[in-house]
Amino acid sequence: MRKLTYFVACSIDGFIGDPNGDAASMMAFVSEEFLGFLTSEYPETISAQGREALGFKDAKNQHFDTVIQGRGSYQLAVDAGITSPYSHLRELVASRTLRESPDPNVELVADDLVGRIRELKAEESELGIWLCGGSSLAGELIDEVDELVIKTYPQVYGSGMPMFGSDFATADFTLEGVRTFENGSLVRTYSRKR
């Protein structure tokens, strides 16, 4: 069974963006050391355009072969004229408002999101599924999340878009590892207790 991994950036106080969803301030912490980590350990989480600009467009996927993101996250790329931001992955976008996919590589999921994720998890593959965001989508899929990889940047937002936009419920995870960086960022990996 494949894993659904929520690989996400957040502030120290657990926000993935400001009240409008903007997380641009976190980019200041993507140092050379941190970018080296991403490009070697999680190259598939960098957009196709970013991979080309950084000179590793053909890098082998290390963890994921599929990405799912919400309409808001996807819209950022579309607004920039990019209809398939992760063309090196199978792309799914959860949306109840988009009627037609703007790209043949992008599958729209309007109904039974949990059912579609369970189908993906049941597929045969050594690589997993990346839950890219956002908050509402993560809230809908919280029971399906098998792993958390949280890139925590040394900032406090005070308020904003939480990691999981859902009702209160407790879900237990086990800490598997912590990687620290000179700029104060860390990457924590947790596995779901089932």
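Just so we're clear, the structure is a prediction, and the values are computed from it rather than from any experiment. (Residues numbered from 1 in each chain as written. Predicted model: local features only at pLDDT ≥ 70, side-chain atom pairs only at ≥ 80, totals over all residues. Heavy atoms only, no water.)

A. Spotlight on the overall build of the chain. Secondary structure assignment for the chain yields five helices and ten strands. For the chain, the C-alpha radius of gyration of 16 Å lies close to 16 Å, the compact-globule estimate for 194 residues. Projected onto its principal axes, the C-alpha coordinates of the chain cover approximately 45 × 40 × 35 Å. Summarising the internal contacts of the chain: among those between residues at least 6 apart in sequence, 68% fall at separations of at least 24. Surface accessibility of the chain: about 10000 Å² in total, with carbon and sulfur atoms responsible for 49%. Put simply, the chain has 18 plus and 30 minus side-chain charges, and the middle of one group is 3 Å from the middle of the other. (Helix = DSSP H or I, 4+ residues; strand = E, 2+ residues; numbered from the N terminus. Rg over C-alpha atoms; globule rule 2.2 N^0.38 Å. Contact = heavy atoms within 4.5 Å. Areas by Shrake-Rupley, 256 points an atom, 1.4 Å probe, with all protein chains shown as cover. Lys, Arg positive; Asp, Glu negative; His and termini not counted. Charge placed at Lys NZ, Arg CZ, Asp CG, Glu CD.)

B. Quick peek at the packing of aromatic side chains. All told, the structure shown has 13 aromatic pairs when counted by the stated rule. Of the aromatic side chains, those joined through ring pairs into one cluster are F7, F29, F34, F37, Y42, F64, Y86, W130, Y153 and F181. (Phe/Tyr/Trp six-rings, centres within 6.5 Å; stacked < 30°, edge-to-face > 60°.)

C. Layout of the nonpolar core. L4, Y6, I68, L113 and L131 are the most contacted members of the largest nonpolar core, which has 23 residues in total. Listed by contribution, the elements that provide at least two residues to this core are β1 (4-11), β4 (90-94), α4 (113-122), β6 (128-133), α5 (135-141) and β7 (147-153). Looking at this core, the element that brings in the most residues is β1, giving four residues. Not counting residues within four places of it along the chain, the set of residues in contact with L131 comprises L4, T5, Y6, F7, I68, L137, A138, L141 and V145. (Core = buried A, V, L, I, M, F, W, Y, C linked by side-chain atoms within 4.5 Å. Buried < 20%, exposed > 50% of the residue type's maximum accessible area, 1.4 Å probe, protein only.)

D. View of the state of the cysteines. Taken as a whole and judged by the stated rule, the model has zero disulfides. In this structure C10 is not part of a disulfide, and its nearest cysteine sulfur, from C132, lies 14 Å away. Among the residues examined, C132 registers a relative accessible area of 18% and is labelled buried. (Disulfide = S-S within 2.5 Å.)

E. Local environment of the sheet that holds strand β9 (residues 173-180). Pairing is mixed across the open sheet formed by eight strands, whose spatial order is β5-β4-β3-β6-β1-β7-β10-β9. Each of the sheet's edge strands pairs with one partner strand only, and the pair in question is β5 (106-109) and β9. Taken over all neighbouring pairs, the strand axes of this sheet differ in orientation by 25° on average, direction set aside. Here strand β3 (residues 64-70) runs beside β4; their pairing, made up of five bridges, is parallel. Note on β4: the bridge partner recorded for G70 is A94. Relative to β7, helix α1 (residues 32-41) is tilted by about 165°, and along the sheet it contacts β1, β7, β9 and β10 (186-192). In this fold helix α3 (residues 71-79) packs onto β3, β4, β5 and β6, with an angle of close to 100° to the strand it touches most, β3. (Pairing = 2+ DSSP bridges. Axes fitted to C-alpha atoms, helices over the stretch in contact; angles between N-to-C directions.)

F. Structural context of the pairing of β4. Within β4, four of the five residues are buried, leaving the element largely enclosed by the surrounding structure. With four bridges joining them, β4 and β5 adopt parallel strand pairing. Considered in β5, the bridge of L92 is made with E107.

G. Spotlight on the pattern of salt bridges. One pass over the structure, following the stated rule, counts twelve salt bridges. In this structure, D65 engages R2 in a salt bridge whose closest nitrogen and oxygen atoms are separated by 2.5 Å. With a gap of 63 residues between them, D65 in strand β3 and R2 in the segment before β1 connect regions that are remote in the sequence. With a relative accessible area of 22%, D65 lands in the partly exposed category. Judged by relative accessible area, R2 falls into the buried class, the value being 3%. In this structure, the salt-bridge partner of D146 is K121, at a minimum N-O distance of 2.9 Å. Highlighted residues: D146 in the loop between α5 and β7 and K121 in helix α4, separated in sequence by 25 residues. Considered together, D146 and K121 belong to a single accessibility category, that of buried residues. One network of salt bridges, in which partners are shared, links R118, K121, E144, D146 and R194. (Salt bridge = Lys/Arg side-chain N within 4 Å of Asp/Glu carboxyl O.)

Remember that the coordinates give geometry; whether it matters functionally is a separate question.
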